[in-house]
Amino acid sequence: MLAVLAAALFAGFVALGTWQVERRAWKLDLIARVEQRVHAAPAPAPARTDWPGINAADDEYRRIRLSGHFLHDKETLVQASTRLGAGFWVLTPFRTGSGAVVLVNRGFVPPEARERAARTAPEPAGETTVTGLLRISEPRGGFLRRNDPAADHWYSRDVQAIAAARGLDPAGVAPYFVDAQAEPGIPQALTDTPAWPAPGLTVIAFHNSHLVYAITWYGLALMVAAGAAFVWRDERRRRGTGGANGDNAFHADGRQHPDPAHSFDAPRE
């Protein structure tokens, strides 16, 4: 029974370690593909017919370009923490030439610039072209905090919920948003007179601890194998010792061997 349990544990740990090795290979491939997307030339925004097939593995962080105009009166502030500090993302609906609406993350603003009138940068007006990174909607809210549309408190960029709260037709709103990229040169937020919102703060990072997990599972498998080997050797030793004592203690007919120290020959006459 113990041998069966040890074999099952060993096989299970090896399988888990192998799965983590495969996951690591998948993650490294994903990182390479994302790196290629981020630095590729911008492509046209996905058409409505392509919306149902958009997914994180194939589309997130693609550079896209879209033309249209902003609906500034329907912007939404989403809490954010960036290298510039704590504040808000400014998500503004952008109506394209085809009539579709795409939420554009125009960038970061600190608390003192949350009101539109407090910002020094002029709002883009009229026909505008936006270049940025396609991002997937975040419907689950923030860490330990759920979006509260009724109170207009937002902790994640939930495209459909924000669109509904702003009275936009859900059927005409793209299932993704776009992180606007900064224009080449010095980021405005780092100058003496920052012009909010500050774009180009997208953090591209992937958690990749699969190698550590694989080593852990393989290590547990080796521990199980070593433990099983120790128990097996100890059992063999015990059986060997017991058999030797039994063979030397008695005759075949059950009579005990005489003690050689007390045996003697009778005197001859």
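The model shown is predicted, which means the values in this text are computed figures rather than measured ones.

### Quick word on the environment of glutamate 35
Link 1 in the chain: Here glutamate 35 is to be found in helix α1 (residues 2–38).
Link 2 in the chain: Judged by relative accessible area, glutamate 35 falls into the partly exposed class, the value being 46%.

### Examining the packing of aromatic side chains
Link 1 in the chain: Scanning the model with the defined rule gives four aromatic pairs in all.
Link 2 in the chain: Their ring planes at 80° and their centres at 6.1 Å tell us that phenylalanine 108 and tryptophan 196 sit as a pair that is edge-to-face. Of this pair, phenylalanine 108 sits in strand β5 (residues 101–109) while tryptophan 196 sits in the loop between β7 (173–180) and α4 (210–249); the two residues are 88 residues apart in sequence, bridging distant segments of the chain. Summarising the burial analysis for this pair, phenylalanine 108 and tryptophan 196 share the class buried.
Link 3 in the chain: Taken together through their ring pairs, the aromatic side chains of Trp89, Phe108 and Trp196 make up a single cluster.
Link 4 in the chain: The residue whose ring lies beneath arginine 106 is phenylalanine 70, and the NZ or CZ to ring-centre distance is 5.6 Å.

### Re the pairing of strand β3 (residues 76–82)
Link 1 in the chain: Burial analysis of β3 places five of its seven residues in the buried class, which makes it a mostly covered element.
Link 2 in the chain: Relative to strand β4 (residues 85–96), β3 runs antiparallel, the two being bridged by seven bridges. Counterpart to serine 81 in the pairing with β4 is alanine 86.
Link 3 in the chain: Where β3 folds back on β4, the antiparallel hairpin that results is connected by two residues.

Calculation notes
- Residues numbered from 1 in each chain as written.
- Predicted model: local features only at pLDDT ≥ 70, side-chain atom pairs only at ≥ 80, totals over all residues.
- Heavy atoms only, no water.
- Helix = DSSP H or I, 4+ residues; strand = E, 2+ residues; numbered from the N terminus.
- Buried < 20%, exposed > 50% of the residue type's maximum accessible area, 1.4 Å probe, protein only.
- Phe/Tyr/Trp six-rings, centres within 6.5 Å; stacked < 30°, edge-to-face > 60°.
- Lys NZ or Arg CZ within 6 Å of the ring centre and 35° of its normal.
- Pairing = 2+ DSSP bridges.

Read these as layout, nothing more, since geometry by itself doesn't imply function.
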